[in-house]
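Read off the chains here:
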Amino acid sequence: MKILVINAGSSSMKYQLIDMTDESILAKGNCERIGIDGHFKHTAGDGRSCEYDVVMNNHTEAFIQIKNALIDEKVGVIKELSEVSAIGHRIVQGGSIFKESVLVTEKVIEDIESLIPLAPLHNAAHVQGIRACIDVFGKDVPEVVVFDTAFHSTMPQTAYMYAVPYEYYEKYAVRRYGFHGTSHRYVSARCAELMGKDIKDLKMITCHLGNGSSITAIDGGKVVDTSMGLTPLDGIMMGTRTGCLDPSVVTFIAEKEGFTPSEMDTLLNKKSGFLGISGVSSDDRDVCAAAEAGNARAQLAIDMLEYHILKYIGAYTAVLGRVDAIVFTAGIGENQSSHRENVCHKLGYLGVEIDDKVNAKAIRGVEGKISTENSKVDVFVIPTNEEIVIARDTMALVNKA
Ligand code: ADP
């Protein structure tokens, strides 16, 4: 069975065609700058590739580029479109409606649309992606939606409520949802596999550290708390996002500077975090390089990030009552061994002991344990793979149907 995995953004659409017999990637690519001008990139599993500028006015036109590339004589990987058995879509916000992946129906599309106020850019783009997919592939190809929030739906109410008047929870569904759920789900399951234990018996803290970052406490395979909230702005400091702060900071700056809610939104989401503190870049690599060269604000940004990670691990250890494993994943978690080292060296009180040499080598796609045999907590680096989770869920639901 060949499954097409789609991640539709407002101006981009990433895809992977996966052969489920061995879970190999047959092709992957990205349509960028949809509705602006348009750039298309496609790479087959054997390295054949193409890249060109092409006007894509909307998601349907982007899908036509994907379709053409998949069956192209030179860079294609299938003979006919009918070889694509099903399509799986990543959806950011499933609200309180979707607690697991589901097959797409008109009602499901309407429900995703109803959640647009909670994730305006993302969910609107996802709906466009699903509809474009139906336009190009037809109604007979089954589609499945996999939600970033679903894995977090097990959180107890004490963890997901905000202490604002209850009526806003009732009126607008204002609460913590959490994001990156597909990634936390993948790495936690993989961690249990690597430990050779049943996930039901494990208490874990998974750290997804990328451009956007979140940390999750998982008890017996079920999320009990996560750092991102109503939107992906809460939690630890990120590339351009603040992470958690005293809400008064928002009203104080807005009043002083005369910013509108929308201007404040841009400040908190796009101008803060690594970029705002260092003044250098939102990218961890650039900030680390600047710190190395003696830039004090870049060093401060790094120290703050590591401090935030440390605080969440401490808080979630208290929530879980014990911690068996800590997992690092995503761009920074998988590649920047210095952050892992600095954080883990401060976790001696939990009995964490990592092997610095093994840790330094666990970069660029390496999967494995970085803690020593003496460590009371197993610490892993596990490259995340959200696409494979989407493809597996899609296959399971299609087979069941
Ligand atoms: P996104 O949240 O956009 O998916 P990623 O998970 O790709 O982001 O993470 C992006 C971050 O990971 C950037 O800050 C980048 O500096 C860092 N990163 C990615 N690759 C490397 C690498 N090889 N070495 C160090 N840092 C890396």
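Cut-offs applied
- Residues numbered from 1 in each chain as written.
- Predicted model: local features only at pLDDT ≥ 70, side-chain atom pairs only at ≥ 80, totals over all residues.
- Heavy atoms only, no water.
- Core = buried A, V, L, I, M, F, W, Y, C linked by side-chain atoms within 4.5 Å.
- Buried < 20%, exposed > 50% of the residue type's maximum accessible area, 1.4 Å probe, protein only.
- Helix = DSSP H or I, 4+ residues; strand = E, 2+ residues; numbered from the N terminus.
- Contact = heavy atoms within 4.5 Å.
- Salt bridge = Lys/Arg side-chain N within 4 Å of Asp/Glu carboxyl O.
- Polar contact = N/O pair within 3.5 Å; in protein donor to acceptor, adjacent residues only side chain to side chain.
- Phe/Tyr/Trp six-rings, centres within 6.5 Å; stacked < 30°, edge-to-face > 60°.
- Lys NZ or Arg CZ within 6 Å of the ring centre and 35° of its normal.
- Disulfide = S-S within 2.5 Å.

*Asks:* Residues and numbers for the nonpolar core, please.
*Replies:* Among the nonpolar cores identified, the biggest contains 37 residues, and Ile-313, Ile-326 and Val-352 are the most heavily contacted of them. Secondary-structure elements contributing two or more residues to this core are strand 9 (203-209), strand 10 (213-219), helix 10 (284-292), helix 11 (296-320), strand 12 (325-329), helix 13 (337-344) and strand 14 (378-381). If you tally residues by element for this core, the top one is helix 11, at nine residues. Those residues in contact with Val-352 that lie beyond four places of it in its chain are Ile-326, Cys-344, Leu-347, Ser-375, Val-377 and Val-379.

*Asks:* Provide a residue-level description of the pattern of salt bridges, including the pertinent values.
*Replies:* Following the criterion strictly, the structure yields 18 salt bridges and no others. In this structure, Glu-23 and Arg-392 form a salt bridge, with 2.7 Å as the shortest nitrogen-oxygen distance. Of this pair, Glu-23 sits in the loop between strand 2 (13-19) and strand 3 (24-32) while Arg-392 sits in helix 15 (residues 386-400), and the two are 369 residues apart along the sequence. A salt bridge links Arg-185 to Asp-393, with the shortest nitrogen-to-oxygen separation between them at 2.6 Å. One end of the pair, Arg-185, is in helix 6 (residues 181-195); the other, Asp-393, is in helix 15, and 208 residues separate them in sequence. Through salt bridges with shared partners, a single ionic network connects Glu-106, Glu-113 and Arg-131.

*Asks:* Now, about the side chain of Thr-216: what can you tell me, with residues and values included?
*Replies:* You can see Thr-216 is positioned in strand 10. Separated by 3.2 Å, the side chains of Thr-216 and His-184 make a polar contact. A polar side-chain atom of Thr-216 sits 2.7 Å from a polar atom in the side chain of Thr-226. Beyond its immediate stretch of four places on either side in the chain, Thr-216 contacts His-152, His-184, Met-204, Ile-205, Thr-206, Val-223, Asp-225, Thr-226 and Tyr-316.

*Asks:* Which residues make up the packing of aromatic side chains, and what values do they have?
*Replies:* What the rule picks out here adds up to eight aromatic pairs. Where Tyr-160 meets Tyr-169, the ring centres are 6.2 Å apart and the plane angle is 40°; that geometry is what we call tilted. Residues Tyr-312 and Tyr-316 carry aromatic rings whose centres are separated by 5.5 Å and whose planes lie at 65° to one another, so their mutual orientation is edge-to-face. A residue pair is termed a helical-turn pair when its members lie 3 or 4 positions apart in one helix, as Tyr-312 and Tyr-316 do in helix 11 at four residues. The class for Tyr-312 is buried, based on a relative accessible area of 15%. Overall, Tyr-316 belongs to the buried group, its relative accessible area being 4%. Linked through ring pairs, Tyr-15, Phe-40 and Tyr-52 together constitute an aromatic cluster. Between Arg-175 and the ring centre of Tyr-160, over which it is positioned, the NZ or CZ distance is 3.6 Å.

*Asks:* Got a sec to walk through the state of the cysteines? Specific residues and values, please.
*Replies:* One pass over the structure, following the stated rule, counts zero disulfides. Lacking any disulfide linkage, Cys-191 is separated from the closest cysteine sulfur, that of Cys-207, by 11 Å. Looking at Cys-191, the relative accessible area reads 0%, which means it is buried. Here Cys-288 is not disulfide-linked; the sulfur of Cys-344 is the nearest cysteine sulfur, at 16 Å.

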